[in-house]
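Overview (structure and organization)
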Amino acid sequence: MQRALKLFPGGVNSPVRAYQAVGGKPPFIARGERALVFDVDDNPFIDYVGSWGPMILGHAHPQVVEAVQSAAQRGLSFGAPHQLELELAERVLEAYPACEMIRFVSSGTEATMSALRLARGFTGRDLIVKFRGNYHGHADGLLVEAGSGLLATGGTAGSAPSSAGVPQAFADLTLVAEYNDPSSIEQLFSLHPRSIAAVIFEPVVGNTGVIPPSPAFLEALHTITRQHGALLIADEVMTGFRLAKGGAVERYGLKPDLVTWGKIIGGGLPVGAYGGTGALMQQVAPSGPVYQAGTLSGNPVAMAAGLATLRLLSEHPPYAQLEAYGQELESGLRIAAERAGVAININRVGSMITVFFSKTPVTSYNTAVSSNRKAFSHFFHALLDHGVYWPPSPFEAAFISAAHGQKELAITLAAAETAMAAAATAGNGS
Ligand code: PMP
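Residues numbered from 1 in each chain as written. Predicted model: local features only at pLDDT ≥ 70, side-chain atom pairs only at ≥ 80, totals over all residues. Heavy atoms only, no water.

**So, the overall build of the protein**
Along the protein, the regular secondary structure elements total 14 helices and 16 strands. Taking 2.2 N^0.38 as the reference for a compact globule, 430 residues should give roughly 22 Å; the C-alpha atoms of the protein span a radius of gyration of 21 Å, in line with that estimate. C-alpha extents for the protein along the principal axes are approximately 60 × 55 × 45 Å. Buried positions account for 54% of the 430 residues belonging to the protein. Of the roughly 17800 Å² of accessible surface on the protein, 54% is carried by carbon and sulfur atoms. The protein carries 29 positive and 34 negative side-chain charges, and their two centres are separated by 3 Å. (Helix = DSSP H or I, 4+ residues; strand = E, 2+ residues; numbered from the N terminus. Rg over C-alpha atoms; globule rule 2.2 N^0.38 Å. Buried < 20%, exposed > 50% of the residue type's maximum accessible area, 1.4 Å probe, protein only. Areas by Shrake-Rupley, 256 points an atom, 1.4 Å probe, with all protein chains shown as cover. Lys, Arg positive; Asp, Glu negative; His and termini not counted. Charge placed at Lys NZ, Arg CZ, Asp CG, Glu CD.)

**Notes on helix H6 (residues 182-191)**
Of all the positions in H6, only Ser184, Ile185, Leu188 and Phe189 are classed as buried. Along the long axis of H6, the arc covered by the buried residues comes to 135°, so they all point the same way. Buried-residue contacts for H6 involve strand E5 (127-131), strand E8 (174-177), strand E9 (196-201) and helix H7 (215-228). (Arc of directions from axis to C-beta. Contact = heavy atoms within 4.5 Å.)

**Here we look at the sheet that holds strand E16 (residues 398-399)**
The antiparallel open sheet is built from 3 strands, whose spatial order is E13-E14-E16. The open sheet has two edge strands with one neighbour each: strand E13 (345-349) and E16. As paired elements, E13 and strand E14 (residues 352-356) share 5 bridges and run antiparallel to each other. Looking at the pairing, isoleucine 346 lines up with valine 355 of E14. (Pairing = 2+ DSSP bridges.)

**A look at the pattern of salt bridges**
Within this structure, the stated rule accounts for 10 salt bridges. Note that arginine 348 is salt-bridged to glutamate 323, the shortest N-O span being 3.0 Å. Pair noted here: arginine 348 is in strand E13 and glutamate 323 is in helix H11 (residues 319-340), with a separation of 25 residues, a long-range link. Accessibility expressed as a relative area gives 22% for glutamate 323, which makes it partly exposed. Three or more residues are tied together by salt bridges with common partners; here these are Arg251, Glu323, Glu330, Arg334 and Arg348. (Salt bridge = Lys/Arg side-chain N within 4 Å of Asp/Glu carboxyl O.)

**A few points about the nonpolar core**
One finds Phe241, Leu333, Phe379 and Trp390 to be the most contacted residues of the largest nonpolar core, which totals 107 residues. A per-element tally of this core places helix H10 (residues 300-315) first, with 9 residues. Discounting residues that sit within four places of it in the chain, phenylalanine 379 has contacts with Leu333, Val355, Phe357, Trp390, Ala419, Met420 and Ala423. If you look at the next biggest cluster of nonpolar residues, it comprises 19 residues, including Val105, Leu118, Val284 and Val290. (Core = buried A, V, L, I, M, F, W, Y, C linked by side-chain atoms within 4.5 Å.)

**Observations regarding the side chain of serine 114**
Tracing the backbone through its elements, the reader meets serine 114 in helix H4 (residues 108-123). On the basis of relative accessible area, serine 114 is assigned to the buried category, the value being 4%.

**Examining the confidence of the model for the protein**
Chain-level pLDDT for the protein is 96 on average; 97% of the residues reach the 70-or-more range. A low-confidence stretch, residues 149-156 (pLDDT under 50), is modelled with 17 contacts involving residues beyond four sequence positions or located in other chains. (pLDDT = per-residue confidence, 0-100.)

**Let's talk about the pairing of E14**
For E14, the buried fraction is high: 5 of the 5 residues fall into the buried class. Where E13 hands over to E14, the hairpin turn is made up of 2 residues, of which glycine 350 adopts a positive phi near 55°. Pairing of E14 with E16, which is carried by 2 bridges, proceeds in the antiparallel orientation. Each residue of the ladder has a partner; that of methionine 352, found in E16, is phenylalanine 399.

**Here we look at H4**
Taking 1.5 Å per residue as the helical rise, H4 with its 16 residues ought to reach 22 Å, and the 23 Å between its terminal C-alpha atoms agrees with that figure. Restricting attention to buried positions, one finds in H4 the residues Gly108, Thr109, Ala111, Thr112, Ser114, Ala115, Leu116, Leu118 and Ala119. (Expected span 1.5 Å × (residues − 1).)

**A short note on the site of the ligand**
As a structural note, the neighbourhood of the ligand is formed by Ser107, Gly108, Thr109, Tyr135, His136, Gly137, Glu202, Asn207, Asp235, Val237, Met238 and Lys263. Residue glycine 108 places a main-chain N or O atom 2.8 Å away from an oxygen atom belonging to the ligand. The side chain of asparagine 207 places a nitrogen or oxygen atom 2.9 Å from an oxygen atom of the ligand. For the ligand, whose unbound accessible area comes to 390 Å², protein coverage reaches 81%. Considering only residue class, the shell around the ligand consists of 3 nonpolar, 6 polar and 3 charged. (Near = heavy atom within 4 Å. Polar contact = N/O pair within 3.5 Å; in protein donor to acceptor, adjacent residues only side chain to side chain. Nonpolar A, V, L, I, M, F, W, Y, C, P; charged D, E, K, R; others polar.)

In structure tokens:
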């Protein structure tokens, strides 16, 4: 880590890995195998990070590794059309029947950024709406938060950059609404009735910890966007192929105009994508006027990893098993918390789970961030000390993989007894 701190800001190549939310130093990972990661001293950890979502089959699945090796032997990148792109595209689109065409990129950030450009190009409008606490990658226009009093005063206070380096002029084009609050969307549309190009949302929030959508919220999203001629963009970077084969779109019967993907569709290699109807996607260059490109887009090795992953998910759907493991994990954690006398609220959708150290149910950004961070940090470190690698932030989802089984569950729940007792020493949250 000392070497890393000299080389990288904070010692890492993506902020959450630095353990700032929980304190301490992250282990360096040497290898992964099924549900386990091993650090450089060969200590095993049961992994609930799963590279933040992609590793739904567990680490180094032999068939995925073989597909990658075989693709690599045929060349690492061509910058020209090749067959694996077609096969992966057909698999993704088959799982999302409302999408007819797709464009591959190399990250979730690129996927959402490009989908928003397409929505603006298609509608000829400049404003977009996002939800407080939803994360869609680090493009300028998405690192934006509600300015003080935005919603309280009816929206005129404007939005503010949430990162240095994002110009206020970009923030001005992004309006911020409250998740699970239909009236906040209505308010923004009534203030800007003909200027909003798109609403982008996480269909199940993972980036404030897990927050499921309410049925009324989902309905309002569809009705209001349609009524005002704005596009609805379901950001399935985290949820796609995780909550079901057809992601949250299938699970909740959503009808978005555009979908963005990442994580699982690359099987652990850098892949993102966006897709929608032919009429919309034909607006993208070179068919249409919305420019978007990428040297490594559709990279054959990355396509091979994604294709092998989606093939395995289709041949041996893990979703019932993930649900069962999730249920057992959730109820075991509840029992451990009760025994330790610590107040928790668990949000879980399938294989995405968050333990909030909070007395109140978590349905929004505000209820999530008012949970007890110190209790979480104690919980996290006790788990880590007992060989369980939980996400190092109170506001992230833990991910279960198809390689997690009864043995991993038993070890996790034994560790959870100690971890909940450790959390209890921080006192109960709000
Ligand atoms: N959208 C969502 C919903 C995400 O969870 C993430 C990453 N966690 C992104 C977009 C950005 O993806 P990437 O990190 O691949 O740029």
